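Summary of structural features
One letter stands for each residue in the lines below.
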Amino acid sequence: MADKNLAELMDLVGEHWKFTSENYTGFGNLDAHHQALFPLKHSILHINKSVGYLSTEAEKADHGDEADTRKLEIAVAKLLATTLNLARHLGMSSGQLADMVEKAVEGKLSNR
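Figured I'd write up the structure that's included with this text. This is a predicted model, so every value here is computed, not measured.

Cut-offs used in this document
Residues numbered from 1 in each chain as written. Predicted model: local features only at pLDDT ≥ 70, side-chain atom pairs only at ≥ 80, totals over all residues. Heavy atoms only, no water. Phe/Tyr/Trp six-rings, centres within 6.5 Å; stacked < 30°, edge-to-face > 60°. Buried < 20%, exposed > 50% of the residue type's maximum accessible area, 1.4 Å probe, protein only. Helix = DSSP H or I, 4+ residues; strand = E, 2+ residues; numbered from the N terminus. Axes fitted to C-alpha atoms, helices over the stretch in contact; angles between N-to-C directions. Parallel < 35°, antiparallel > 145°, perpendicular 65-115°, else oblique. Left-handed = near helix turned anticlockwise from the far one by under 90°. Contact = heavy atoms within 4.5 Å. Nonpolar A, V, L, I, M, F, W, Y, C, P; charged D, E, K, R; others polar.

**Let's talk about the packing of aromatic side chains**
With the rule as written, the count across this model stands at four aromatic pairs. A centroid spacing of 5.4 Å and a plane angle of 20° characterise the contact between Phe19 and Tyr24, whose relative ring orientation is stacked. Across the pair, exposure class does not vary: Phe19 and Tyr24 are buried alike. With centroids separated by 5.8 Å and ring planes inclined at 75°, the aromatic side chains of Phe19 and Phe38 adopt a geometry described as edge-to-face. Of this pair, Phe19 sits in the loop between helix 1 (6-16) and helix 2 (32-62) while Phe38 is found in helix 2, placing the two residues 19 residues apart along the sequence. One exposure class covers both Phe19 and Phe38, and it is buried. One aromatic cluster is present, built from ring pairs that chain together Phe19, Tyr24, Phe27 and Phe38.

Here's what the structure looks like:
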């Protein structure tokens, strides 16, 4: 599984994490507008969940305890997977995402 490229990871996430009535109770009862927004909302919940795990370990370290490296690694992996899935649902290609990450790192991308 190592050395997968961004497109392969996006495909992998998309194969396993589908936004359907089978996976989410009540999804089928939503109107088209709310079904379209559901991936964004649900992804934000998972992003916050991962940030919570990262925060827990950082806070432990602030108080002199050892941060659990494995828990940090898992949180980072899940954060990336959720981000890739959200990018897919926004219609972004792996190339577009890679280009935007590069611009963000170079300070050439702003939300303003």
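**Some words on the packing of helix 2 against helix 3 (residues 69-89)**
Where helix 2 contacts helix 3, the two axes come as close as 9 Å, and the packing angle between them is 165°. One way to sum up the angle between helix 2 and helix 3 is to call them roughly antiparallel. Helix-helix and strand crossings are classified by hand; for helix 2 and helix 3 the assignment is left-handed. Contacts between helix 2 and helix 3 involve Pro39, Leu40, Ser43, His46, Ile47, Ser50, Tyr53, Leu54 and Glu57 from the former and Lys71, Leu72, Ala75, Val76, Lys78, Leu79, Thr82, Leu86 and His89 from the latter. Taken together, the residues of the contact of helix 2 with helix 3 sort by class into 10 nonpolar, five polar and three charged.

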